[in-house]
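# What the coordinates show
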Amino acid sequence: MANILVVDDEMGIRALLQEILTDEGHSVELAENAAQARTLRERQRPDLVLLDIWMPDVDGITLLKEWGTGSQLNMPVIMMSGHGTIDTAVEATKYGAMAFLEKPITLQKLLRAVEQGLSKPAPRGAAPAGGTSAPETGSQGLARIERADYLPAVETAHYAAPSHSHSNGSGATLSPSITMASGPQAEQIFLLDRPLREARDAFEKAYFEFHLARENGSMTRVAERTGLERTHLYRKLKQLGVDLTRNKRGAS
């Protein structure tokens, strides 16, 4: 799809963004400071850059200005910050950034900003030294990402004592008219005559297996569908013992 450069001094954020964007089919390069970002920008010619503002050596705004004044801003740049203000965001767009993402970055809006960035032509460069005019993107085109609260969209399930039904291996049971040939079903029967934790885990495992099968193993789309942040989703699936490779094998 696209070659994306992620520049951030926090290893956890770099790794998370790489997982999300790779899952979407993009090729991702990582840089932890401005020096690495310069090298990778020159060598890889990225289609889009996600650039953190606050970095220990050279901050993102300074690097953005450097690329703009050096005629190297030939790709869309999306700025990221956990401490940014609207003034910082406007300054970033003045020097050629096409969007500003406020940390913590929500999954849905990250993907939307990346999609918009890849669909737009590269900026023409930064504002001239001493100038006050902004590039065509301007502050009106600013894409500022706010926090969002997600609620899981839980599929309907029938809770009842099973009768002549078949287990799917997770503690959930399927009615005789439903087979596993077409994958996990939206309507399942769960045995309630058991400890609460076991019953809850059985439901959650069946719930996530259903969504993984429906989304062909895409963790990004499952996170959107279930309303969980991606890192929490991974931990949850690992805790429940969900086989993440099964759906990917089926999709391939």
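In case you missed it, the structure is sitting above this.
Owing to the predicted nature of the structure, the values given are computational and were not obtained by experimental measurement.

A few words on the side chain of asparagine 3. Mapped onto the fold, asparagine 3 is located in strand β1 (residues 3-7). By relative accessible area, asparagine 3 is classed as buried at 13%. Each residue touching asparagine 3, except ones within four places of it in the same chain, is listed here: Ser27, Glu29, Gln44, Arg45, Pro46, Asp47 and Leu48.

Take the packing of aromatic side chains next. Taken as a whole, this structure holds 2 aromatic pairs when the rule is applied. Ring geometry for phenylalanine 203 and tyrosine 207: centres 6.0 Å apart, planes at 25 degrees, overall stacked. Taken together, the residues phenylalanine 203 and tyrosine 207, both in helix α6 (residues 196-214) and 4 residues apart, mark about one turn of the helix. Among the residues examined, phenylalanine 203 registers a relative accessible area of 17% and is labelled buried. With relative accessibility at 10%, the residue tyrosine 207 sits in the buried group. Relative to phenylalanine 208, the ring of tyrosine 207 has its centre 5.1 Å away and its plane inclined at 70 degrees; by these criteria the two rings are edge-to-face. According to the relative accessible area criterion, phenylalanine 208 is buried, its value standing at 4%. Within the aromatic cluster, the residues linked to one another by ring pairs are Phe203, Tyr207 and Phe208.

Procedures and definitions
- Residues numbered from 1 in each chain as written.
- Predicted model: local features only at pLDDT ≥ 70, side-chain atom pairs only at ≥ 80, totals over all residues.
- Heavy atoms only, no water.
- Helix = DSSP H or I, 4+ residues; strand = E, 2+ residues; numbered from the N terminus.
- Buried < 20%, exposed > 50% of the residue type's maximum accessible area, 1.4 Å probe, protein only.
- Contact = heavy atoms within 4.5 Å.
- Phe/Tyr/Trp six-rings, centres within 6.5 Å; stacked < 30°, edge-to-face > 60°.

All quantities given are derived from atomic positions and should not be read as evidence of function.
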